Amino acid sequence: AVELGNAADAKLPQPAALDACRDLLTLTDSGHLADLRAAAHVPDDYSRAMRALGLYPLTRLAFASGIRRWHEETRATFAAPSADRLPSNRYAPAEVASLPQVPRSAAFQLPLHSRDEWAELLQRNAPRLVVDTATDDDRLGSLVWRDMGGAMRAGVDTRAPVAYARVAFARFAARIVPQLVYTFWFSARPPAGAFDLLAGELDGIVWRVTLDGDLQPLVYDSIHPCGCYHLFFPTDRVRARPQPESLDESMFAPQTIRAPRDGEHVVLHVASRTHYLSGIDVEPDRVAAAATRYPIRDENELRRLPLPAGGTRSVYGPDGLIAGSERPERFLFWPMGIESAGQMRQWGHHATAFVGRRHFDDPLLMDRYFERVRDGASDAPGAGVPVADLELGER
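Treat the numbers as computed from the prediction; the structure is a model and nothing was measured.

Engineer: I'd like a description of the overall build of the chain, backed by residues and values.
Structural biologist: Helices and strands together make up the secondary structure of the chain, namely 9 helices and 17 strands. Rg of the C-alpha trace for the chain: 22 Å, near the compact-globule value of 21 Å for 395 residues, within the 12% margin. Dimensions along the principal axes, computed over C-alpha positions, put the chain at roughly 65 × 60 × 50 Å. A total of 395 residues make up the chain; the buried ones form 50% of that total. For the chain, restricting intrachain contacts to residue pairs at least 6 apart in sequence, the fraction spanning at least 24 positions comes to 64%. Of the charged side chains in the chain, 45 are positive and 52 negative; the average position of the first set lies 1 Å away from that of the second.

Structure (structure tokens):
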């Protein structure tokens, strides 16, 4: 439906016609649909060929060493007193301007909340942000199309800060739990010098809240829209599961978070230029009275972003990448098997580990790393669910 809307071609079949066709095929199916389901395979976002050509078993050693150094630097940043930070701009959520579509299914044990309830959850759990602001590249904004001499490029309108939201689901302690995902955009990550491999157009923060069955936060985690810098922030409702010794990237939690009470919100402290998270706080709502308010909008709007001359186009290419946001680091990081490392990308394409394999949208990720704690004891047996039991394929 999105692509048909972007095409705006009256000769193409309209969504209603496609619905009728799908219904007809379902009614006349002779077992082929079952064959199709059995053959369906969702590929991950790592290239075995790239890793083979890049001598991954050897080159991963250097990358693993670099990741350990980043962990040490990040721990030191989060341990620094908050007085050392120099916040310039504050942002706080406003209303839910457009609600993401949320699937409803009793058969799949998905939560059956109303639209008003989802909107209230998104607004209540949206974070405040305190952003160190040196230039306009440190100001939150909304994605827009810009005509760059006849070529359309995605840019950021800093006059209109927005949080793009989606609702996802995960398997945790043998239950399906909701996840609220918020994406914030900056115009660029400006270079720190002449040879900054990480600099480029567009940058951002993806902040995710995994809720428990009672709709209270269990775990927070974050990446940048390229899939890099995956950080976990568990609450006191969970504890980390022991992980096997390995070079592969595992759960990295530089800080725990006290789940906010009524009248409180989580606050993200964001560094200038790099847009790295530098600390997480919980504060009363009244502290954010002078903040710039951002509306919460459906992330799927980025798949039908209005063009300056009329019509719409997806900000993502067919490969799920945002053109123009490439980073020089891709020429160095390719042996890790990730296509165009550092480039901004669409939900479902976020590989978050250079060493090993990990995906941001893996529904088993939280269950792999955490177990629920109640009164100092973990849940009863069955908290962990084997991958095979879910029939979700490799992901």
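Engineer: Would you mind going over the sheet that holds strand 13 (residues 292–298) in detail, with residue names and values included?
Structural biologist: Spatial strand order, 9-8-7-6-5-13-1-2-11-12: 10 strands in an open sheet with mixed pairing. Looking along the sheet, the strands with just one partner apiece sit at the ends: strand 9 (231–234) and strand 12 (277–284). Along the sheet, successive strands turn relative to each other by an average axial angle of 30°, direction set aside. Bridge count for strand 7 (residues 200–211) against strand 8 (residues 217–223) is 6 bridges, and the pairing is antiparallel. Counterpart to V209 in the pairing with strand 8 is Y220. Those strands touched by helix 5 (residues 56–79) are strand 9 and strand 12, and its axis lies near 35° from that of strand 12. Docked against the sheet, helix 6 (residues 115–125) engages strand 1 (89–96), strand 5 (163–172), strand 6 (175–189), strand 7, strand 8, strand 11 (264–270) and strand 13, running at close to 55° with respect to strand 6.

Engineer: Describe the confidence of the model for the chain, listing the residues and the values that go with them.
Structural biologist: The pLDDT averaged across the chain works out to 89; a share of 92% of its residues lies at or above 70. In this model, residues 375–395 is a region of pLDDT below 50 whose contacts with residues beyond four sequence positions or in other chains number 38 contacts.

Engineer: How would you explain the nonpolar core if you had to name every residue and give the values?
Structural biologist: Residues Y182, W207 and L277 are the most contacted members of the largest nonpolar core, which totals 70 residues. Among the elements that take part in this core, helix 5 stands out by supplying 6 residues, more than any other. Core analysis: the second largest hydrophobic core is formed by 12 residues, A170, V238, L365 and F370 among them.

Engineer: Now, about unusual backbone geometry: what can you tell me, with residues and values included?
Structural biologist: If you check the backbone angles, A173 has positive phi at about 50° while not being a glycine. Structurally, the position occupied by A173 is in the loop between strand 5 and strand 6. In this model, L215 sits at a positive phi of 65°, which is unusual for a non-glycine residue. Topologically, L215 is positioned in the loop between strand 7 and strand 8.

Engineer: Give a detailed account of the pattern of salt bridges, specifying residues and quantitative values.
Structural biologist: The final tally for this structure, using the stated rule, is 23 salt bridges. In this structure, the salt-bridge partner of R237 is D212, at a minimum N-O distance of 3.1 Å. Linking R237 in the loop between strand 9 and strand 10 (238–240) with D212 in the loop between strand 7 and strand 8, this pair joins segments that are 25 residues apart in sequence. Given a relative accessible area of 24%, R237 falls into the partly exposed group. Of the residues examined, D212 reaches a relative accessible area of 3% and is grouped as buried. Here R258 makes a salt bridge to E264, at a shortest N to O gap of 3.0 Å. By relative accessible area, which is 34% here, R258 ends up partly exposed. The exposure class of E264 is buried, given its relative accessible area of 15%.

Engineer: Quick rundown of the side chain of N6? Include the residues and the values.
Structural biologist: Relative to the elements of secondary structure, N6 occurs in helix 1 (residues 2–7). Residue N6 is classed as buried on the basis of its relative accessible area, which comes to 16%. Look past the residues within four positions of N6 in its chain and what remains in contact with it is R303, R304, T312, R313 and S314.

Engineer: Any details on the packing of aromatic side chains? Residues and values, ideally.
Structural biologist: Per the counting criterion, the structure on display carries 14 aromatic pairs. Relative to Y229, the ring of W70 has its centre 5.8 Å away and its plane inclined at 55°; by these criteria the two rings are tilted. Of the two residues, W70 sits in helix 5 while Y229 sits in the loop between strand 8 and strand 9, which places them 159 residues apart along the sequence. Since its relative accessible area comes to 18%, W70 is described here as buried.

Engineer: Tell me about the pairing of strand 2 (residues 128–131), residues and numbers included.
Structural biologist: Residues of strand 2 alternate between two faces, with R128 and V130 on one and L129 and V131 on the opposite face, all of them buried. Here strand 1 runs beside strand 2; their pairing, made up of 3 bridges, is antiparallel. By the bridge assignment for strand 2, N89 is matched with V131. Sheet topology note: the strand 2/strand 11 ladder contains 4 bridges and is parallel. Its bridge partner lying in strand 11, V130 is registered against H269.

Engineer: Account for helix 6, with residues named and values stated.
Structural biologist: An α-helical turn contains 3.6 residues, so any two residues separated by three or four positions project in the same direction. Among the residues of helix 6, those classed as buried are W118, A119, L121, L122 and N125. For helix 6, the buried positions fall inside an angular range of 160° around the axis, keeping them on one side. On the buried face of helix 6, the contacting elements are strand 1, strand 5, strand 6, strand 7, strand 8 and strand 13.

Parameters and conventions
- Starting from 1, residues in each chain are numbered consecutively following that chain's sequence as written.
- The predicted origin of the model limits local features to residues at a pLDDT of at least 70 and limits the giving and counting of side-chain atom pairs to 80 or more, whereas totals for whole chains, interfaces and linings rest on all residues.
- Side-chain measures were taken over the full set of non-hydrogen atoms in the model, leaving aside hydrogen atoms and water.
- Working definition: helices are DSSP H or I runs of at least four residues, strands are E runs of at least two. Numbering for both runs from the N terminus.
- Here the radius of gyration uses the C-alpha set of atoms, whereas the globule reference equals 2.2 Å times the residue count to the power 0.38.
- The buried label goes to any residue with under 20% of its type's maximum accessible area, the exposed label to any with over 50%, and the partly exposed label to all in between, with areas taken from a 1.4 Å probe on protein chains only.
- Residues count as neighbours in contact if any of their non-hydrogen atoms are within 4.5 Å of one another.
- The convention is simple: Lys and Arg are positive, Asp and Glu are negative, and His and the chain ends are not counted.
- Charge coordinates come from a single atom per side chain, which is NZ of Lys, CZ of Arg, CG of Asp or CD of Glu.
- Strands qualify as paired when DSSP identifies two bridges or more between them.
- Fitting a line to C-alpha atoms yields each axis, with helices limited to the stretch in contact; the angle taken between N-to-C directions then spans 0 to 180 degrees.
- In predicted models, pLDDT denotes the confidence assigned by the predictor to each residue on a 0 to 100 scale.
- What is meant by a nonpolar core is a set of buried Ala, Val, Leu, Ile, Met, Phe, Trp, Tyr and Cys residues, joined one to another through side-chain atoms within 4.5 Å.
- Only one rule defines a salt bridge in this text: a Lys or Arg side-chain nitrogen within 4 Å of an Asp or Glu carboxyl oxygen.
- Between rings of Phe, Tyr and Trp, where Trp is taken as its six-membered ring, a pair exists when centres lie within 6.5 Å; planes separated by under 30 degrees are stacked, by over 60 edge-to-face, and by other angles tilted.
- Working definition: the arc comes from the directions between the helix axis and the C-beta atoms, pointing outward to the latter.

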